[in-house]
Amino acid sequence: MTITLTRLDPVGVDYDELVSFMTSNRFPFHVRQTVTREDVETAIADGSYRDDDNDSYWIDHDSLGRIGFLRFEDLTDLAPLFDMRLAQSMRGRGLGAQVLEAATSHAFSLAGVDRFEGQTREDNIAMRRVFARCGWVQEAYYREAWPVEGGKPLASVAYSVLRRDWETGTVTPIVWDL
Ligand SMILES: CC(C)(COP(=O)(O)OP(=O)(O)OC[C@H]1O[C@@H](n2cnc3c(N)ncnc32)[C@H](O)[C@@H]1OP(=O)(O)O)[C@@H](O)C(=O)NCCC(=O)NCCS
């Protein structure tokens, strides 16, 4: 099984498909679980899908076809983050780790990027398991930092992978105690 990241053009040929993808799927662990066409169109116009800091890709699978969306964020910081969103029908099928591997490979193909970071809500168990499976290290647990629509805030959990760990297949642990 091969995952290909296909760079998308949010203001050109991919505009309609991007709006359709974002509005037709629910994202229960994102700050905004559902978005409207207007929300997506505003975000596209603002450069949230492609500008100096952001770059967006379709996630294509060699036999399943188009399975989701991936955005690299904070690209000018040289320690980018990502936003990974599988289509609802593609979740829970063991695809997440392959997608994260493809995303990591892409991030470290960029000159000067030596850290790749991700954040997720504390109860997004699938994403947290994917991080663990791919050898990412949990670096922070921000209590009550994730706003929840209609509910109390939850924690935001931060992970990263280092280029040198990724290149050597090792995991550098954190020494928390002095
Ligand atoms: C989060 C996401 C990328 C995970 O990818 P996925 O392909 O659905 O995850 P997988 O099927 O590989 O499951 C990963 C693990 O979580 C487990 N898992 C999945 N859903 C679970 C649940 N609701 N409760 C407990 N465990 C769960 C799986 O059993 C698997 O465990 P394993 O590693 O021990 O085998 C995908 O579900 C998704 O895109 N969700 C919506 C958007 C999102 O939340 N993105 C994360 C933003 S950072």
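Just so we're clear, the structure is a prediction, and the values are computed from it rather than from any experiment.

**Student:** Could you clarify how one ought to interpret the overall build of the protein chain in this entry?
**Tutor:** Within the protein chain one finds five helices and seven strands. When the helices and strands of the protein chain are read in sequence order from the N terminus, they spell out β-α-α-β-β-β-α-β-α-β-β-α. Its C-alpha atoms give the protein chain a radius of gyration of 16 Å, within 12% of the compact-globule value 16 Å for 178 residues. Overall size of the protein chain, expressed as C-alpha extent along the three principal axes, is 50 × 40 × 35 Å. Long-range contacts, defined as pairs at least 24 residues apart, comprise 56% of the intrachain contacts of the protein chain with a sequence gap of at least 6. A total accessible area of about 9700 Å² is found for the protein chain, and carbon and sulfur atoms account for 50% of it. Each charge sign in the protein chain was given a centre, from 19 positive and 29 negative side chains, and these centres are 7 Å apart.

**Student:** So what exactly am I meant to see when it comes to the packing of aromatic side chains here?
**Tutor:** By convention here, two paired aromatic rings are described through the distance between centres and the angle between planes. The full count for this structure, using the stated rule, is 12 aromatic pairs. The interplanar angle of 50° and the centroid separation of 5.5 Å between the aromatic rings of Phe-82 and Phe-116 together place this pair among those described as tilted. One end of the pair, Phe-82, is in strand S4 (residues 81-86); the other, Phe-116, is in strand S5 (residues 115-121), with 34 residues separating them in the sequence. One aromatic cluster is present, built from ring pairs that chain together Tyr-57, Phe-72, Phe-82, Phe-116, Phe-131, Trp-136 and Tyr-159. Cation over ring: Arg-71 sits above Tyr-49, and NZ or CZ is 4.9 Å from the ring centre.

**Student:** Help me out: how do you make sense of the nonpolar core in this one?
**Tutor:** A general trend in soluble globular proteins is that nonpolar side chains are found buried together. Core analysis: the largest hydrophobic core is formed by 43 residues, its most contacted members being Ile-59, Phe-72, Phe-82, Leu-100, Phe-116 and Trp-136. Per-element tally for this core: the top contributor is helix H3 (residues 96-107), with six residues. Residues contacting Ile-59, with those up to four places away along its chain left out, are Ile-3, Thr-4, Leu-5, Gly-65, Arg-66, Ile-67, Gly-68, Phe-69, Leu-70, Met-84, Leu-86 and Val-99.

**Student:** What exactly am I supposed to notice about the packing of helix H1 (residues 15-24) against helix H2 (residues 37-46) here?
**Tutor:** Pairs of packed helices are described in terms of their axes, by the angle between the two and the distance that separates them. Where H1 meets H2, the closest approach of the two axes is 9 Å, and the angle between their N-to-C directions is 130°. Comparing the axis directions of H1 and H2 gives the class oblique. Considering the relative orientation of H1 and H2, their crossing is right-handed. Each of Tyr-15, Leu-18, Val-19, Met-22 and Thr-23 in H1 lies in contact with H2, whose residues at this interface are Arg-37, Val-40, Glu-41 and Ile-44. Here the residues of the contact of H1 with H2 sort into six nonpolar, one polar and two charged.

**Student:** So what exactly am I meant to see when it comes to the site of the ligand here?
**Tutor:** Residues in close proximity to the ligand total 18 residues, the closest being Met-84, Leu-86, Gly-92, Gly-96 and Arg-133. Here Gly-92 contributes a backbone N or O atom positioned 2.8 Å from an oxygen atom of the ligand. Taken atom by atom, the bulk of the ligand overlaps the largest pocket. Every element with two or more residues in the shell around the ligand is listed here: S4 and helix H4 (125-133). Top contributing element to the shell around the ligand by residue count: H4, with six residues.

**Student:** What is the right way to look at the layout of surface pockets in this model?
**Tutor:** Unfilled space is identified by rolling a water-sized probe across the atoms. Space inside the largest pocket adds up to approximately 1000 Å³. Lining of the largest pocket is provided by 39 residues; of these, His-30, Asp-83, Met-84, Arg-85 and Asn-124 occupy positions nearest its centre. Of all the secondary structure elements, the ones that give two or more residues to the lining of the largest pocket are H2, strand S3 (65-73), S4, H3, S5 and H4. Broken down by class, the residue content of the lining of the largest pocket amounts to 20 nonpolar, eight polar and 11 charged.

Each value, and the rule that gives it
Residues numbered from 1 in each chain as written. Predicted model: local features only at pLDDT ≥ 70, side-chain atom pairs only at ≥ 80, totals over all residues. Heavy atoms only, no water. Helix = DSSP H or I, 4+ residues; strand = E, 2+ residues; numbered from the N terminus. Rg over C-alpha atoms; globule rule 2.2 N^0.38 Å. Contact = heavy atoms within 4.5 Å. Areas by Shrake-Rupley, 256 points an atom, 1.4 Å probe, with all protein chains shown as cover. Lys, Arg positive; Asp, Glu negative; His and termini not counted. Charge placed at Lys NZ, Arg CZ, Asp CG, Glu CD. Phe/Tyr/Trp six-rings, centres within 6.5 Å; stacked < 30°, edge-to-face > 60°. Lys NZ or Arg CZ within 6 Å of the ring centre and 35° of its normal. Core = buried A, V, L, I, M, F, W, Y, C linked by side-chain atoms within 4.5 Å. Buried < 20%, exposed > 50% of the residue type's maximum accessible area, 1.4 Å probe, protein only. Axes fitted to C-alpha atoms, helices over the stretch in contact; angles between N-to-C directions. Parallel < 35°, antiparallel > 145°, perpendicular 65-115°, else oblique. Left-handed = near helix turned anticlockwise from the far one by under 90°. Nonpolar A, V, L, I, M, F, W, Y, C, P; charged D, E, K, R; others polar. Near = heavy atom within 4 Å. Polar contact = N/O pair within 3.5 Å; in protein donor to acceptor, adjacent residues only side chain to side chain. 1 Å grid on protein atoms, 1.4 Å probe; cavity = no way out; pocket = protein on both sides within 12 Å on 5 of 7 lines; lining within 4 Å. Sits in = over half its atoms within 2 Å of the grid points. Points joined across faces, edges and corners; volume = space filled by probe spheres on them.

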